[in-house]
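Structural features, examined
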Amino acid sequence: MSVLDSKVPEGPLKDKWTNYKDKINLVNPANKRSIDIIVVGTGLAGGSAAATLAELGYNVKAFCYQDSPRRAHSIAAQGGINAAKNYQGDGDSTFRLFYDTVKGGDYRSREANVYRLAEVSANIIDQCVAQGVPFARDYGGLLDNRSFGGVLVSRTFYAKGQTGQQLLLGAYSAMNRQIARGKIEMHNRHEMLDVVKIDGKARGIIARNLVTGEIERHSAHAVVIATGGYGNVYFLSTNAMGSNATAAWKIHKKGAFFANPCYTQIHPTCIPRSGDYQSKLTLMSESLRNDGRIWVPKKMEDVLAIREGRKKPTDLSEEERDYYLERRYPAFGNLVPRDVASRAAKERCDAGYGVNATGEAVYLDFQSAIERYGNEQAKLHGLTNPSKEKITELGEEIVRAKYGNLFQMYEKIVDENPYKTPMMIYPATHYTMGGIWVDYNLMTTVEGLYCIGEANFSDHGANRLGASALMQGLADGYFILPYTIGDYLSHEIRTGKIPTDTPEFDEAEKAVKDRINAFINNKGTHSVDYFHKKLGKVMWDKCGMSRNATDLKKAISEIKEIREEFYKSVKVPGRADEMNPELEKAGRVADFLELGELFAKDALMREESCGGHFREESVELEGEQKGEAKRNDAEFAFVAAWEYKGEPSDAVLHKEELEFKDIELKQRSYK
Amino acid sequence: MNLTLKIWRQNGSQDKGRMVDYQVSDISKDMSFLEMMDVLNEQIINKGEEPVAFDHDCREGICGMCSMHINGEAHGPDKGITTCQLHMRSFKDGDTITIEPFRAKAFPVIKDLVVDRSSFERIQQAGGYISVNTSGNTQDANAIPIDKHAADKAMDAATCIGCGACVASCKNASAMLFVGAKVSQYALLPQGQVEAVDRVKNMVAQMDLEGFGNCTNTGACEVECPKGISLENIARLNREYFKANVKG
Ligand SMILES: Cc1cc2nc3c(=O)[nH]c(=O)nc-3n(C[C@H](O)[C@H](O)[C@H](O)COP(=O)(O)OP(=O)(O)OC[C@H]3O[C@@H](n4cnc5c(N)ncnc54)[C@H](O)[C@@H]3O)c2cc1C
Ligand code: SF4
Ligand code: FES
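Residues numbered from 1 in each chain as written. Chains lettered and ligands numbered in written order. Predicted model: local features only at pLDDT ≥ 70, side-chain atom pairs only at ≥ 80, totals over all residues. Heavy atoms only, no water.

With that settled, the discussion passes to the overall build of chain B. Broken down by element type, chain B carries eight helices and seven strands. Seen through its principal axes, chain B has C-alpha atoms that stretch 60 × 35 × 35 Å. At a minimum sequence separation of 6, the contacts of chain B that also span at least 24 residues come to 69%. In the structure as shown, chain B presents an accessible area of about 9,600 Å², 49% of it carried by carbon and sulfur atoms. (Helix = DSSP H or I, 4+ residues; strand = E, 2+ residues; numbered from the N terminus. Contact = heavy atoms within 4.5 Å. Areas by Shrake-Rupley, 256 points an atom, 1.4 Å probe, with all protein chains shown as cover.)

Residues and elements named next belong to chain B. Judged by pairing direction, the sheet is mixed, and its five strands sit side by side in the order 2-1-5-3-4 without closing on themselves. The open sheet has two edge strands with one neighbour each: strand 2 (18–24) and strand 4 (73–74). Two elements, strand 1 (residues 3–9) and strand 2, share seven bridges in a ladder whose sense is antiparallel. The residue of strand 2 that forms the bridge with I7 is V20. The sheet contacts of helix 1 (residues 33–46) involve strand 1, strand 2, strand 3 (68–70) and strand 5 (96–101), and relative to strand 2 the element is tilted by about 90°. (Pairing = 2+ DSSP bridges. Axes fitted to C-alpha atoms, helices over the stretch in contact; angles between N-to-C directions.)

Let us now look at the domain arrangement of chain A. Accessible area lost on assembly of the parts is the figure often given for the size of an interface. All names here are of chain A. With domains assigned, chain A is organised as domain 1 (269–429) and domain 2 (513–637). Computed over C-alpha atoms only, the centres of domain 1 and domain 2 are separated by 31 Å. Facing eleven residues of domain 1, the contacting portion of domain 2 comprises nine residues. The contact between domain 1 and domain 2 buries some 770 Å² in all, and 58% of this surface belongs to carbon and sulfur atoms. Taken together, the connections running from domain 1 to domain 2 amount to one salt bridge. Put simply, E628 and R328 hold a salt bridge, and the shortest N to O gap is 3.1 Å. For the pair domain 1 and domain 2, the number of links is three residue pairs in polar contact (both at pLDDT 80 or more). For the side of domain 1 that touches domain 2, the secondary structure elements donating two or more residues are helix 10 (338–350) and strand 15 (423–432). (Domains from an automatic or database assignment. Buried area = accessible area lost by both parts, 1.4 Å probe. Salt bridge = Lys/Arg side-chain N within 4 Å of Asp/Glu carboxyl O. Polar contact = N/O pair within 3.5 Å; in protein donor to acceptor, adjacent residues only side chain to side chain.)

Set out below in structure tokens:
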């Protein structure tokens, strides 16, 4: 056997998890009290895991870099969470959710993990409702659903446009209950800077107190990493400013394999950038594609007229508009998966049809939806011959109820009223499917070190479907890790407290301090952001929505150069022993500068197009699918897990072959 | 546009702190307020000085991290938004802008514009939850239908982002709007009923312990709240508290 044993249990797909749970080793309640677990990250994954592990009786120490667990980046998720409840009676089932997720991921995820995810999804909704999460309801008082891209059923639960916020507040409230009981020791404003290994097992972490600058040692019997994705490697993304890869990268350097780093999701509907000062991009939730129609003008002269302000989008008649998604993908229309929608927008803008000054924007139009809802409402209200204005008014009311906060957000940023003129949108980096490799137990290649949520690679293959990240985070934290970690910890009941005054802790702490001092003493010439922006530009231009071998090779050497320049001339003001946001950024960007290179190396290796990874060399040349991405199952149906060996360029590839026993591998068609 | 910024600088909680003047130029009206702060900090770093520390993360008005008092108003002049959602088009060339941290006894300054809001954490820990374990055997989510209006109201209360602007804009530094929002969310849902008495008592007790002031119904909090949390929630908190004390 190779080192990559996925530990997927035997037996039929649909019985694996149940049978496995029945046979798993348990820790008795008295012994749990003497076992410590560190959870780094308090987003949906870390927050739900910390709360559940504490409920079970373990002593949990949780960490986050914000001033409260409730502020983790999960809070920003807008659209919703999937679950195979089939409340709408539209043919949904565990198998269908599983199938959609595997297909949506372009057949690059592990079948058994995805099935388990679909299986526990319904429990998530039950749990959240019991916690008091105020999901949207219909007039009968029952839960409402909406549709997301890449599927033909309505299985997405939502709380207005603030689903992530409400789910996170649910997990946070469960954490608060355990903090009050003393079962969770919460460390806010702390950043993990390394993991400590003793005899090959993860036994603790080194963390910096971001208020005092103090470097602290924390020990435990197992360490869980739930620190989110690495989208900020692009500098501009929809992630929070502080979202980072540091914890994941540090454990990678200590032996955890990094899987599929090149699988990134570029989300089709984000607010386009407006200038060089831009610090982040804002997502307009995918749920908008339920009702919004995407288009650009058919004629180049209209494009120019719009850019020069001679025409408004609303001046163009239906015939003058190219609803290019409806044209190219009649079956799914505006609800094709994200990667497909993003590439289609890029294709139109590259061809010169972009509708703003930078040429990088397409329209997302709600006019038809407003009319449709308006007419519906007029009927419901029994209005005969309602005026056009009345219909618009009624329609806008419905749209406001559904997406009000998103429309408001758009108006604040762009200074245009999206009820009256179509939104302008463009793709932006949003989510990273790649991440730390984990087995079926969610354990990394380091014993006792677990990784959950967006930080791991597990469930989304090469492309994630909308509303599935929240599902995965909560599935991992509430329902999967609490079982699988028990199996490992059942062997730790006699270990006793892990001391922190050992050579392993000494060494890890010294390395962390040395690095911090090197930054502070560097006296360079450029700010951290200067380098981050440079890296971001290489990533976007050469490792973005479409990739080719020549550019990827260039990216590898350019990133290396930026990294060398960074260490030579980065300037970090202030001291190490105080609150110092520039120092925090420096450490994060240093890690992005290594991860970025591995990313490009992985993308170069994968000479096929799959999901979010589009290689220009690998497209369908003829037939109905001409120009669409071409997967190569014969050679690339594997997970690429990289082992750290010094420089990113020295990383060694390990393959986990993907087997599909319950699903037939097919070309993903949304035509 | 060109602007003069008067910014509160305080090097750590022990420092007395002072206002310092800065000039920034070529600020675009499409920049967000925090992007303007980024430009300022880049300028400060290039001069070899220490940049202004401020809290921020999501930069889209949802995490509740950003917390600036701008020209005497929590989150600045525009209504219904957080500092990170404020754009420079709300100012004009030549303006002088005063930037201070949220001020309240229960929110001590950590550094510059960064304050310590852990008092909010402790209030939530005192009872801001429903005691239900994660088991996988919880009853079906649709087993208890909830009136849409109650659910929508609960959602409105639940949108509080815990930023603290209500406290910072209240002359008594009262936290009633924040606590009212949390108590209301649970009071409006059937799931929250079982623990209603203890919840409201414990949360209010913790609020008093943290040194937040009394509510004298000035309504300043509602005006400055970026999420439009309404005073109705304070009224509901008072009712719940009264009920709880009657029940004992
Ligand atoms: C704008 C936006 C909208 C989205 N909408 C949806 C949606 O509608 N549906 C959906 O399913 N998904 C959505 N997603 C994706 C989804 O929100 C995320 O994938 C998911 O929330 C990630 O959760 P997490 O728990 O893995 O990590 P996060 O929520 O990112 O949490 C990371 C945690 O780790 C901590 N941390 C990080 N580094 C360190 C360190 N070094 N030391 C200590 N702590 C650290 C942070 O403090 C934080 O607590 C959206 C994403 C974005 C950006
Ligand atoms: S009530 Fe409003 S102002 Fe107060 S913390 Fe909540 S969101 Fe902020
Ligand atoms: S930075 Fe998150 S609300 Fe302002």
